[in-house]
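Observations on chain architecture
Take a look at the letters that make up each chain.
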Amino acid sequence: MAELDALDRRLIDTYQRGLPLCERPFAAMAERLGVSEAQVIERLQLLQQSQVLSRVGPVFDHARAGASLLAAVAVPEAERDEMAAAINRSPGVNHNYAREHDYNLWFVMTAADENQLEARLEALEEELGWPLLRLPMIEGYHIDLGFPIPWNELEAS
């Protein structure tokens, strides 16, 4: 495990939830923590580079922000990387993952509205040359992934 100092721990503990929604969120974080904006940005970059954090950013309620859809595609294993790269280049794509399944690439596509979403999906389907499995969300669930970290126990192990 990477060596984390008090500032790293305070950043993680304080901002698992509740990133400031303002013009300069890192400056607001810095003010609350009593450090500079540059220090916050530098620390977050280092925490990501050392893989302590995988992502820094807000989580949006996609239903309020436009349209989105989970999709999957079954492609030949020999073409998987090429197809994944094409998916990644498509506008509105995020969370593109390879899976050990007949449908071996899964991704989320977003758009401003349902019409734009369907147009993007159709364009991608045509580019890939493989049919997309469209999996619309029927019911949403919120899973709170923030949790208290027992720093003392981690140091002892």
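Residues numbered from 1 in each chain as written. Predicted model: local features only at pLDDT ≥ 70, side-chain atom pairs only at ≥ 80, totals over all residues. Heavy atoms only, no water.

**Observations concerning the nonpolar core**
What counts is decided by this rule: To qualify as a nonpolar core, a set must consist of buried Ala, Val, Leu, Ile, Met, Phe, Trp, Tyr and Cys residues joined through side-chain atoms within 4.5 Å. Exposed residues in this analysis have more than 50% of their type's maximum accessible area, buried residues have under 20%, and partly exposed residues fall in between, with area computed by a 1.4 Å probe over protein chains only. Starting at the N terminus, helices and strands are each numbered in turn, a helix being any DSSP run of H or I of at least four residues and a strand any DSSP run of E of at least two. Pairs of residues are marked as contacts when any of their non-hydrogen atoms sit within 4.5 Å.
Residues I87, F107 and L128 are the most contacted members of the largest nonpolar core, which totals 19 residues. Contributions of two or more residues to this core are made by β1 (67-73), α5 (80-89), β3 (105-111) and α6 (114-128). The contact partners of I87, leaving out residues within four places of it in the chain, are V73, V93, N96, L105, F107, L124 and L128. If you look at the next biggest cluster of nonpolar residues, it comprises 13 residues, including Y15, V40, L44 and L53.

**Digging into the pairing of strand β2 (residues 93-98)**
For clarity, the cut-off: Pairing between strands requires that DSSP locate at least two bridges from one strand to the other.
Here four bridges tie β2 to β3, and the two strands are oriented antiparallel to one another. Residue pairing across strands places A98 opposite L105, the latter belonging to β3. Where β2 folds back onto β3 in an antiparallel hairpin, the turn is made up of six residues.

**Re the UniProt feature "domain: Siroheme decarboxylase AsnC-like ligand binding" (unreviewed entry) in the protein**
Which entries qualify depends on this criterion: UniProt positions are given in the numbering used here, feature names are shortened, and annotations may be inferred rather than shown by experiment.
Under the UniProt annotation, the feature "domain: Siroheme decarboxylase AsnC-like ligand binding" (unreviewed entry) is placed at residues 67-133. In this annotation, residues 67-133 is assigned 37% helix and 33% strand; the end-to-end C-alpha distance for the span is 16 Å.

**Observations regarding the environment of A6**
Tracing the backbone through its elements, the reader meets A6 in helix α1 (residues 6-14). For the pair formed by A6 and S90, sequence separation is 84 residues and the distance between their alpha carbons is 40 Å.

**Structural notes on the UniProt feature "domain: Siroheme decarboxylase NirL-like HTH" (unreviewed entry) in the protein**
This chain's UniProt record puts "domain: Siroheme decarboxylase NirL-like HTH" (unreviewed entry) on residues 8-52. End-to-end, the C-alpha atoms of residues 8-52 are 10 Å apart, and along that stretch the chain is 64% helix and 0% strand.

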